[in-house]
Amino acid sequence: MASPGQQSQRIEAWFLENRRTLPWRTRRSAWRSLVSELMLQQTQVARVVEKFIPFMERFPDPASLAAADEQEVLAMWQGLGYYRRARNLKRSAEYIVQHFGGRTPLDVDDLLQLPGVGRYTAGAVASIAGRRRVPIVDGNVQRVLARLHADDADPSSRDAIDRAWQRAGALVEACDRPDHLNEGLMELGALVCTPGVPDCGTCPVASGCSAKRSGRQGRIPPPKRAAIKIEVHHHAVVIKRKGRLLMEQRGDDGIWAGLWQVPTVESKRKLVPSQVQRRCGIELAGIDRLGSFTHVLSHRRIHVHVFRGSIAAGVRAGVGTWCTSSQMERLPVSNAVVRILEVART
Ligand code: SF4
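Rules and cut-offs
Counting restarts for each chain: residues are numbered from 1 in the order of the written sequence. Two thresholds apply to this predicted model, a pLDDT of at least 70 for residue-level local features and 80 or more for giving and counting side-chain atom pairs, whereas whole-chain, interface and lining totals are computed over all residues. Hydrogens and water molecules were not included; the side-chain quantities draw on all heavy atoms of the structure. Put simply, DSSP H or I for four residues or longer makes a helix, DSSP E for two residues or longer makes a strand, and each gets a number counted from the N terminus. Note on exposure labels: buried denotes an accessible area under 20% of the residue type's maximum, exposed denotes more than 50%, and partly exposed covers the range between, all computed with a 1.4 Å probe on protein chains only. For this analysis, residues touch if any pair of their heavy atoms sits within 4.5 Å. Salt bridges are defined by distance alone: a side-chain nitrogen of Lys or Arg within 4 Å of a carboxyl oxygen of Asp or Glu. Distance and chemistry together define a polar contact, namely a pair of N or O atoms within 3.5 Å, with one atom able to donate a hydrogen and the other to accept it when in protein, and with adjacent residues in sequence counting only for side-chain atoms on both sides. Residues are labelled near a given molecule or strand when at least one of their non-hydrogen atoms is within 4 Å of it. The way it works is a 1 Å grid over only the protein atoms, where trapped points that fit a 1.4 Å probe form a cavity and open points with protein on both sides within 12 Å along at least five of seven lines form a pocket, and then any residue with an atom within 4 Å of a point lines it. Whether a molecule lies in a cavity or pocket depends on its atoms, and more than half of them have to be within 2 Å of the grid points. Throughout, the ten residues Ala, Val, Leu, Ile, Met, Phe, Trp, Tyr, Cys and Pro are labelled nonpolar, Asp, Glu, Lys and Arg are labelled charged, and all others, Gly among them, are labelled polar. Simply put, an axis is a line fit to the C-alpha atoms, just over the touching stretch for a helix, and the angle between two N-to-C directions goes from 0 to 180 degrees. Note that the term roughly parallel is reserved for angles under 35 degrees, roughly antiparallel for angles over 145, roughly perpendicular for angles of 65 to 115, and oblique for everything else. Strand pairing is assigned whenever DSSP identifies at least 2 bridges connecting the two strands. Domain start and end points were adopted from an automatic or database domain assignment. Summed over both partners, the accessible surface that disappears when two parts come together, traced with a 1.4 Å probe, is what is meant by buried area. Side-chain atoms within 4.5 Å are what join buried Ala, Val, Leu, Ile, Met, Phe, Trp, Tyr and Cys residues into a set we call a nonpolar core.

1. Observations concerning the overall build of the protein chain
Summing up its helical and strand segments, the protein chain has 15 helices and seven strands in all. Judged by the C-alpha coordinates and their principal axes, the protein chain covers about 80 × 50 × 30 Å. Counting over 346 residues, the protein chain shows a buried share of 49%. For the protein chain, contacts bridging at least 24 residues in sequence account for 66% of all contacts bridging at least 6.

Written as structure tokens, this is what we have:
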């Protein structure tokens, strides 16, 4: 196998030739790196590309995000999912203003004090924006390193994770530029050494890859056991009156915490319209079923049933807020609610 120094230099050179043009790469700063890394967690690059520039124009520095209303931040985050990251980013901005004079830190120990920032994100910001010689390991990097070393252990095991960090550490110690090496490792995992069948013919480190040499690149890492998903039913009732839509805010805990939705009855089983009508807490004059779809989250499969409800003239809704279409544009809602409203429009 090639030495860590040879491998690092091949990856760095490959990265400079093959990197994608992405908005957070056009200009580097610790703040831009922090925002992009938090957006990219568990979210497709294409979706982050759409959201990054508008978010940075509105919140160009920690101070602007720290001073913003959380509802506006969640609305700007809409479409990226996992809204806890948006809240953590806002809390991080507040912490940066209070403890670092508004300047995003570049040292790993300082970054680790920020809410929602773990070893990977701290290493990414420190190495990519600050060129600090620190390793990073995400799923892509771990897969590349496991294949290079023909390590067929379960990637979620503690030992496998520790070995990945040690191997990433050896590469970054031996590299010329930590930013190019770390982004190169991630880019290699995203574009070449992909899950399933990697494109070894274009890989810059193929000559030193133990998995390729033994023909096991398709079997390393071993397949993950599928996560068990809880099945739940959400019965969403779309109620309009005088051009306004009745909306309610979700609680502070659980999925979509703090986001807005049409009145929704959640249950383990599918309910018939009369049960939805009784349980929704609103005195409905009538209810019609419009359609259903399934919304899949990491640990949950949500069967969404969409209804149109009507309230008799003079009867108060008793819950929620009547929203105009311009108010709706500023309300943070989940992708499931966007789809519910599409079903109600068709
Ligand atoms: Fe991955 Fe193939 Fe490169 Fe090995 S040779 S690191 S399996 S792409």
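Still more ground to cover, so stick around.
2. A closer look at the pattern of salt bridges
One pass over the structure, following the stated rule, counts 16 salt bridges. Glu-183 is the partner of Arg-28 in a salt bridge, and the nearest nitrogen-oxygen pair spans 2.2 Å. Of this pair, Arg-28 sits in the loop between helix H1 (4-18) and helix H2 (30-40) while Glu-183 sits in helix H11 (residues 178-191), and the two are 155 residues apart along the sequence. One connected set of salt bridges, linked through shared partners, spans Arg-20, Arg-25, Arg-28, Glu-183 and Glu-187.

3. Digging into unusual backbone geometry
Cis geometry is found at the peptide bond from Ile-220 to Pro-221, where omega equals -5 degrees. When you line up the elements, Pro-221 lands in the loop between helix H12 (210-213) and strand E1 (230-241). Here Arg-131, not a glycine, exhibits a phi torsion of approximately 55 degrees, which is positive. With respect to the helices, strands and loops of the structure, Arg-131 is situated in the loop between helix H8 (119-129) and helix H9 (139-148).

4. Considering H9
Summarising burial for H9: eight of the 10 residues are buried, a large majority. Buried within H9 are the following residues: Val-141, Gln-142, Arg-143, Val-144, Leu-145, Ala-146, Arg-147 and Leu-148. Where H9 begins, the side chain of Asp-138 points an oxygen toward the backbone nitrogen of Asn-140, at a separation of 3.2 Å. Within two residues after H9, Ala-150 carries a phi angle of roughly 50 degrees, on the positive side.

5. Some points on the site of the ligand
Around the ligand sit Arg-147, Val-192, Cys-193, Pro-198, Cys-200, Cys-203, Ala-206, Cys-209, Lys-212 and Gln-217, and those are all the residues in its vicinity. When atom positions are compared with the pocket grids, the ligand is found to occupy the largest cavity. Across the shell around the ligand, the residue classes tally to seven nonpolar, one polar and two charged.

6. Regarding the packing of helix H3 (residues 45-58) against helix H5 (residues 70-77)
Where H3 meets H5, the axes come as close as 10 Å, and the angle between the chain directions of the two elements is 155 degrees. Relative to H5, the element H3 lies roughly antiparallel. On H5, the residues that touch Lys-51, Pro-54, Phe-55 and Arg-58 of H3 are Glu-72, Val-73, Met-76 and Trp-77. When grouped by side-chain class, the residues that make up the contact of H3 with H5 number five nonpolar, no polar and three charged.

7. Some words on the side chain of Ser-92
Counting through the fold element by element, Ser-92 comes out in helix H6 (residues 84-99). Here Pro-115 takes part through its backbone oxygen, which lies 3.0 Å from a polar atom of the side chain of Ser-92. With near-sequence residues (within four places) excluded, Ser-92 lies in contact with Leu-114, Pro-115 and Val-117.

8. A word on the pairing of strand E2 (residues 244-249)
Consecutive side chains of a regular strand alternate in pointing toward one face of the sheet and then the other. Bridge count between E1 and E2: two bridges; the pairing is antiparallel. Bridge pairing links Lys-240 to Leu-245 in E2. Hairpin remark: E1 followed by E2, antiparallel, with two residues in the connecting loop; positive phi at Lys-242, about 50 degrees. For E2 and strand E7 (residues 321-323), the ladder comprises three bridges, and the chain directions are antiparallel. In the strand pairing of E7, Leu-246 is matched with Trp-322. Bridge count between E2 and strand E3 (residues 260-261): two bridges; the pairing is antiparallel.

9. A short note on the domain arrangement of the protein chain
What the domain assignment lists for the protein chain is domain 1 (4-213) and domain 2 (230-345). Domain 1 and domain 2 are separated by 37 Å when their C-alpha centres are compared. Taken residue by residue, the interface counts nine residues in domain 1 and 13 residues in domain 2. Summed over both partners, the interface of domain 1 with domain 2 comes to about 780 Å²; 43% of that surface belongs to carbon and sulfur atoms. When residues of domain 1 are sorted by the area they lose upon contact with domain 2, Gln-71, Gln-78 and Tyr-83 head the list and together hold 54% of the total.

10. Structural notes on the nonpolar core
Counting 54 residues, the largest nonpolar core has Trp-31, Leu-34, Phe-55, Leu-89 and Met-247 as its most contacted members. Residues in contact with Leu-89, not counting those within four places in the same chain, are Trp-31, Leu-34, Val-35, Leu-38, Phe-55, Leu-65 and Trp-77.

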